[in-house]
Amino acid sequence: MKNCDIVRDLLPLYIDHETSEESSEMIKEHLAECEECRGIYKSAHNVPRSMQTSDCSGSYRYSGLIKRIRKRRLIEKAETISVCAALLTLGLVLGHILFPKKSK
């Protein structure tokens, strides 16, 4: 099943509440229908303590993967801000060139 592969790839992120709302909904629906994936999901809560965060709050973290995802998201946000700033600057420069102030 193709959906099983996708769901299994996303389970660690789903457990850590790092999936989008759409992905979370798709995973919930799939887990309700697929006994095999539901078993994998339930067994994922038996992760060794060495893979948990130091706070051991019951929230399992796959720290290396999560760090890479968060870093990628941060880079994407920085790129978006940079592009917006460049476009704003370009707009201001073009505005001054195309519509110069008239002297009195």
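Keep in mind that what you see is a predicted model, and the values were worked out from it rather than measured. (Residues numbered from 1 in each chain as written. Predicted model: local features only at pLDDT ≥ 70, side-chain atom pairs only at ≥ 80, totals over all residues. Heavy atoms only, no water.)

(A) Just the packing of helix H2 (residues 21-33) against helix H3 (residues 35-43), in detail. Relative orientation of the contacting elements H2 and H3 amounts to 110°, with a least axis distance of 6 Å. As far as their axial angle goes, H3 and H2 are roughly perpendicular. Between H2 and H3 lies a crossing of left-handed hand. On the side of H2, the interface is formed by His30, Leu31, Ala32 and Glu33, while H3 contributes Glu35, Cys37, Arg38 and Tyr41. The residue makeup of the contact of H2 with H3, split by class, is four nonpolar, one polar and three charged. (Axes fitted to C-alpha atoms, helices over the stretch in contact; angles between N-to-C directions. Helix = DSSP H or I, 4+ residues; strand = E, 2+ residues; numbered from the N terminus. Parallel < 35°, antiparallel > 145°, perpendicular 65-115°, else oblique. Left-handed = near helix turned anticlockwise from the far one by under 90°. Contact = heavy atoms within 4.5 Å. Nonpolar A, V, L, I, M, F, W, Y, C, P; charged D, E, K, R; others polar.)

(B) Layout of a nonpolar patch on the surface. Residues Val83, Leu87, Leu90, Val93, Leu94, Ile97, Leu98 and Phe99 make up a contiguous nonpolar surface patch of roughly 830 Å² in combined accessible area. A relative accessible area of 56% means that Leu87 is categorised as exposed. (Patch = residues over 30% accessible without salt bridge, like charges linked within 9 Å, V, L, I, M, F, W, Y side chains within 5 Å. Areas by Shrake-Rupley, 256 points an atom, 1.4 Å probe, with all protein chains shown as cover. Salt bridge = Lys/Arg side-chain N within 4 Å of Asp/Glu carboxyl O. Buried < 20%, exposed > 50% of the residue type's maximum accessible area, 1.4 Å probe, protein only.)

(C) Layout of the side chain of Thr19. Mapped onto the secondary structure, Thr19 falls in the loop between helix H1 (2-15) and H2. Side chain to side chain, Thr19 and Ser24 meet in a polar contact 2.6 Å long. Contact partners of Thr19, with chain neighbours within four places excluded, come to Leu10, Leu13, Tyr14, Ser24 and Ile27. (Polar contact = N/O pair within 3.5 Å; in protein donor to acceptor, adjacent residues only side chain to side chain.)

(D) Here's a closer look at the packing of aromatic side chains. Summed over all chains, the structure comprises one aromatic pair. A centroid spacing of 5.8 Å and a plane angle of 55° characterise the contact between Tyr14 and Tyr41, whose relative ring orientation is tilted. With Tyr14 in helix H1 and Tyr41 in helix H3, the pair connects residues that are 27 residues apart, well separated along the chain. The exposure class of Tyr41 is partly exposed, given its relative accessible area of 23%. (Phe/Tyr/Trp six-rings, centres within 6.5 Å; stacked < 30°, edge-to-face > 60°.)

Geometric descriptors of this kind do not, in isolation, establish any biological role.
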